[in-house]
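Below, each chain spelled out in residue letters.
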Amino acid sequence: MAVQMDPIHQFELKPIFTLGRIGNTEIVFTQASLYMLAAVALITLLTYLATRRNALVPGRIQSLVEMSYEFIASTVRSSAGEEGMRFFPFVFSLFMFILILNLFGMIPYAFTVTSHIIITFALAALVIGTVIVYGFMKHGTHFLRLFVPSDVPAWLLPLMVAIEIISFVSRPISLSVRLFANMLAGHIALKIFAGFVAILLSTGAWGILAPLPLALAVALTALEVLVAVLQAYVFATLTSIYLNDALHPGH
Amino acid sequence: MDPVAAKYIGAGLACLGMAGAGIGLGHLFGQFLSGALRNPSAAEGQRGTLLLGFALTEALGIFSLLIALLLLFAV
């Protein structure tokens, strides 16, 4: 078989230059770092261009940024309340960062940074760390009421507390794995269907069937763009739901 | 058992998990439609919740697909 299927290859990190080393660990600037820098630069440029002239009737870029601002602001307000708006810059940055990185990944031959578990886990750990630190800062030990549901019979309480703690601990894992798995599986599926086209074309007469997987790959691309936006939105929504726990612990 | 065969069987078994996501998505959109047809004016406001539920449910199916793909290509 001349055509080789290697859908994992696209997630390989390619070093660009070495920054230095700590002990035996090399600190390398990879293409992932480059994409993240590009995303931050793009977001900064967009918001700068949007707020440079605060026109009463917004132009294209200004209304784009204003729409995403309003979108996230209403999400935060509905799930964390007016108090949660102090975390709005945090949620908005997370949303824009993940959205731009996901959409970068949809460009052919581009690298998807969010398909690496360590990136998404770092973001999720940041969210949960903020929840824990802010919860203890604001409520002190009262924050632990989060694990003690009210209106529960005493004999059921130990079980409920255990369940609440497990559900809290699994949050950063589910938050990071959701984003990472969606991106990884989506891009692998795209690559596999593209591979089917190449395999069918290399078999001669069966090449007549090649448009079928090609059409599926196109449809999957559309779905992936939807998933890219949706997962960024889900990440932002869940972040504000978790932040709500830090603001208002206790059930 | 031959480890390569076990790998492929495991990948196939892992895909069964997607059946659950299929059932969940069917429930999700079916219930939304039946609610939306009863009260079409309230349906528009719940589209965000619907998409959130879709993403959360779909992610669980993706998890099992991910295990299958990792077994096929990464192990």
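Definitions and limits used
- Residues numbered from 1 in each chain as written.
- Chains lettered and ligands numbered in written order.
- Predicted model: local features only at pLDDT ≥ 70, side-chain atom pairs only at ≥ 80, totals over all residues.
- Helix = DSSP H or I, 4+ residues; strand = E, 2+ residues; numbered from the N terminus.
- Rg over C-alpha atoms; globule rule 2.2 N^0.38 Å.
- Buried ≥ 20, exposed ≤ 12 C-beta atoms within 10 Å, placed from the backbone.
- Core = buried A, V, L, I, M, F, W, Y, C linked by C-beta atoms within 7 Å.
- Contact = placed C-beta atoms within 7 Å.
- Expected span 1.5 Å × (residues − 1).
- Bend = angle between axes of the 7 residues up to and from the residue.
- Nonpolar A, V, L, I, M, F, W, Y, C, P; charged D, E, K, R; others polar.
- pLDDT = per-residue confidence, 0-100.
- Axes fitted to C-alpha atoms, helices over the stretch in contact; angles between N-to-C directions.
- Parallel < 35°, antiparallel > 145°, perpendicular 65-115°, else oblique.
- Left-handed = near helix turned anticlockwise from the far one by under 90°.
- Arc of directions from axis to C-beta.
- Pairing = 2+ DSSP bridges.

A. Quick look at the overall build of chain B. Of the regular secondary structure elements, chain B holds four helices and zero strands. Start at the N end of chain B and walk to the C end: the helices and strands fall as α-α-α-α. Expected size for 75 residues packed as a compact globule is a radius of gyration near 11 Å; at 17 Å, chain B overshoots this value by more than 25%. Along the three orthogonal principal directions, the C-alpha set of chain B runs to about 60 × 15 × 10 Å. Looking at chain B residue by residue over its 75 residues, the buried ones come to 16%.

B. Looking closely at the overall build of chain A. The number of helices and strands found in chain A is six helices and two strands. Secondary structure elements in chain A, listed N-terminal to C-terminal, are β-β-α-α-α-α-α-α. Each principal axis of the C-alpha distribution contributes one length, and for chain A these read about 70 × 55 × 45 Å. Across the 251 residues in chain A, those meeting the buried criterion constitute 27%.

C. Structural context of the nonpolar core. Grouped together as the largest cluster of nonpolar side chains are 51 residues, with contacts concentrated most on Phe95, Ile98, Ala181 and Phe235 of chain A. Put simply, the parts of the chain that give this core at least two residues each are helix 1 (31-52), helix 2 (60-80), helix 3 (88-105), helix 4 (117-139), helix 5 (157-201) and helix 6 (211-247) of chain A together with helix 4 (47-73) of chain B. Counting residues per element, this core draws most heavily on helix 6 of chain A, at twelve residues. Residue contacts for Phe95 of chain A: discarding those within four places in its chain leaves Ile72, Ala232 and Ala236 of chain A.

D. Structural detail: helix 5 of chain A. With 45 residues, helix 5 of chain A extends 63 Å between its outermost C-alpha atoms, agreeing within 8% with the 66 Å of an ideal straight helix rising 1.5 Å per residue. A bend of about 35° at Ser170 of chain A is the largest found in helix 5 of chain A, and the proline Pro172 of chain A appears one to four places after it.

E. Representation of the interface of chain B and chain A within the structure. Each partner contributes to the interface: chain B provides twelve residues, whereas chain A provides 13 residues. Residues of the side of chain B that touches chain A, tallied by class, amount to twelve nonpolar, no polar and no charged.

F. Representation of the confidence of the model for chain A within the structure. Here chain A shows a mean pLDDT of 88. Residues at 70 or above account for 97%. Per-element averaging of pLDDT across chain A places strand 1 (residues 15-22) of chain A at the bottom with 84 and helix 3 of chain A at the top with 94.

G. Representation of the environment of Ile98 of chain A. Residues and elements named next belong to chain A. Inspection of the secondary structure assignment puts Ile98 in helix 3. C-alpha of Ile98 to C-alpha of Ala236: the two residues are 138 residues apart in sequence and 9.3 Å apart in space. If we ignore the near neighbours within four places in the chain, the residues touching Ile98 are Thr114, Leu179, Ala232 and Phe235.

H. Representation of the packing of helix 1 of chain A against helix 2 of chain A within the structure. Residue and element names in this part refer to chain A. The contact between helix 1 and helix 2 brings their axes to 8 Å, and the two run at 115°. Relative to helix 2, the element helix 1 is oriented roughly perpendicular. By crossing handedness, the relation of helix 1 to helix 2 is classed as left-handed. Seen from helix 1, the contacting residues are Leu46, Thr47, Leu49 and Ala50; seen from helix 2, they are Ile61, Gln62 and Val65. Broken down by class, the residue content of the contact of helix 1 with helix 2 amounts to five nonpolar, two polar and no charged.

I. Up close: unusual backbone geometry. Residue and element names in this part refer to chain A. Residues other than glycine seldom take positive phi values, yet Tyr109 does so here, at roughly 70°. You can see Tyr109 is positioned in the loop between helix 3 and helix 4. Owing to 5 C-beta atoms within 10 Å, Tyr109 belongs among the exposed residues under this scheme. One non-glycine residue, Asp151, lies in positive phi territory at about 60°. Relative to the elements of secondary structure, Asp151 occurs in the loop between helix 4 and helix 5.

J. Up close: helix 2 of chain A. Residues and elements named next belong to chain A. A rise of 1.5 Å per residue sets the reference length of helix 2, with its 21 residues, at 30 Å; its end C-alpha atoms lie 30 Å apart and thus fit the reference within 8%. Turning to helix 2, its buried residues number three or more, namely Ile72, Thr75, Val76 and Ala80. Projection of helix 2 onto a plane perpendicular to its axis shows the buried side chains occupying an angular sector of 95°, all on one side. Exposed side of helix 2, more than 90 degrees from the buried face: Arg60, Met67, Glu70, Ser74 and Ser78 are the residues found there. Gly81 sits one or two positions beyond helix 2 and adopts a positive phi of about 80°.

K. Looking closely at the pairing of strand 1 of chain A. All names here are of chain A. Counted residue by residue, strand 1 has zero buried out of eight residues, so it is predominantly exposed. Taken together, the six bridges between strand 1 and strand 2 (residues 25-30) define a ladder with antiparallel strand orientation. Of the residues in strand 2, the one forming a bridge with Phe17 is Phe29. Where strand 1 folds back on strand 2, the antiparallel hairpin that results is connected by two residues, among which Gly23 adopts a positive phi of roughly 65°.

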